[in-house]
Amino acid sequence: MAASAEGQGGGGRYGEDVFRPEQEGEGERIDYGALAYDEITMARLRALGAGPGWSCLDVGAGTGTVSRRLLEEAGVDSVLAVDRDVRFLARRPVPGLEVRESDITAPGFVTGRFRLVHARFVLMHLPERERVIANLAELVAPGGVLVLSDAVDLTNERTPDTPYTEVMRAMWRGLRAGIGTDVSWVPSCPQLLRGAGLVRAAAELYVPPLTPGSPISRFWADTWERSREAMLATGTVDEDTIDAALLYLDSDECAALSAGMLTAWGWKPGSTD
């Protein structure tokens, strides 16, 4: 999960107006998300062939869990982990890991070509997503792969009204108004990869189970607390509604779908030989 990223909407920025990395517990919030999604991410990256001989770029690397697992478990040669704030990345150096503080929306934020370019829960917070995808595709070496994961909202007008769905809808609405977070485009990601010149584009969707005390439940609880102001600003929920949703999330009464993670990938034409 990205520790920082740039948004639009109300002109705010992820990592500045909300989810500030200096806020106590923010690293732990990101790690709860990693506990919920890392196994799925690593299974996909290894299925795509990530392993010895691969150079990798991990964009919006957050606390670095994927970067380190690529090195320690998949055995890739190197990982360049990039984020706009690298305080979490710098805490645990490992051989083969290079950390770079950079804004991925800036021209030429890195140079070179990589067998794997990976970004998880980053593009949903960025403006000009098609341009950013095109830029990331340019960083993929011939025969390499671009892998993008972002959230898919599974609440809609037909989802039963519960404290969970009320607050989840308010969260998406508040974050979009405040920092430009937008997940409505995410199902189109495979086509966007094709538009960037990549081939054999495909995607899969994973929805972690919401159970009391689970990593994903703790992630959403922390996320709601940190985005409480943005949710209240929508006028669709009040403090009592948010508090009721937090209790519901940690109870046996909870019967809901978490936001899903859609992972899409596409290959750069050519050969690695």
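Residues numbered from 1 in each chain as written. Predicted model: local features only at pLDDT ≥ 70, side-chain atom pairs only at ≥ 80, totals over all residues. Heavy atoms only, no water.

S.K.: Would you mind going over the overall build of the protein chain in detail, with residue names and values included?
M.R.: On a plain count of helices and strands, the protein chain comes out with 8 helices and 9 strands. Computed over C-alpha atoms, the radius of gyration of the protein chain comes to 18 Å, within 12% of the 19 Å expected from 2.2 N^0.38 for 273 residues, which places it in the range of a compact globule. Dimensions of the protein chain, computed from the C-alpha atoms along their principal axes, are close to 60 × 35 × 35 Å. Every one of the 273 residues in the protein chain was classed for burial, and the buried ones make up 56%. Here the contacts in the protein chain between residues at least 6 apart in sequence split such that 73% fall between residues at least 24 apart. Of the roughly 11500 Å² of accessible surface on the protein chain, 49% is carried by carbon and sulfur atoms. (Helix = DSSP H or I, 4+ residues; strand = E, 2+ residues; numbered from the N terminus. Rg over C-alpha atoms; globule rule 2.2 N^0.38 Å. Buried < 20%, exposed > 50% of the residue type's maximum accessible area, 1.4 Å probe, protein only. Contact = heavy atoms within 4.5 Å. Areas by Shrake-Rupley, 256 points an atom, 1.4 Å probe, with all protein chains shown as cover.)

S.K.: Help me get a handle on the nonpolar core, residues and values and all.
M.R.: Residues L57, L123, L136, L146, W220 and W224 are the most contacted members of the largest nonpolar core, which totals 63 residues. It is helix α4 (residues 163-179) that provides the largest number of residues to this core, a total of 8 residues. Every residue in contact with W224, bar those within four places of it in the chain, is listed here: Y164, V167, M168, M171, M231, A245, L246 and L249. Formed by 23 residues, the second largest nonpolar core is a distinct cluster that contains L71, V86, L89 and V145. (Core = buried A, V, L, I, M, F, W, Y, C linked by side-chain atoms within 4.5 Å.)

S.K.: So what about helix α6 (residues 215-226)? Which residues, and what values?
M.R.: Under the 1.5 Å per step criterion, the end-to-end length of α6 is 16 Å for 12 residues, consistent within 8% with the ideal 16 Å. Within α6 the residues assigned to the buried category are I216, S217, F219, W220, A221, T223, W224 and R226. On its buried face, α6 sits against α1 (26-47), α4, α7 (228-233) and α8 (239-249). (Expected span 1.5 Å × (residues − 1).)

S.K.: An account of the pairing of strand β4 (residues 78-83) is needed here, citing residue identities and associated values.
M.R.: In terms of residue burial, β4 counts as a mostly covered element, since 5 of its 6 residues are buried. As judged from the 5 bridges shared by strand β3 (residues 55-59) and β4, these two strands associate in the parallel manner. In the strand pairing of β4, S55 is matched with S78. You can see the chain leave β3, run along helix α2 (residues 65-74) and come back into β4, and the turn it takes is right-handed. Relative to strand β5 (residues 97-101), β4 runs parallel, the two being bridged by 5 bridges. Bridging from a neighbouring strand, V82 pairs with R100 of β5. (Pairing = 2+ DSSP bridges. Right-handed = clockwise from strand over helix to strand, strands pointing away.)

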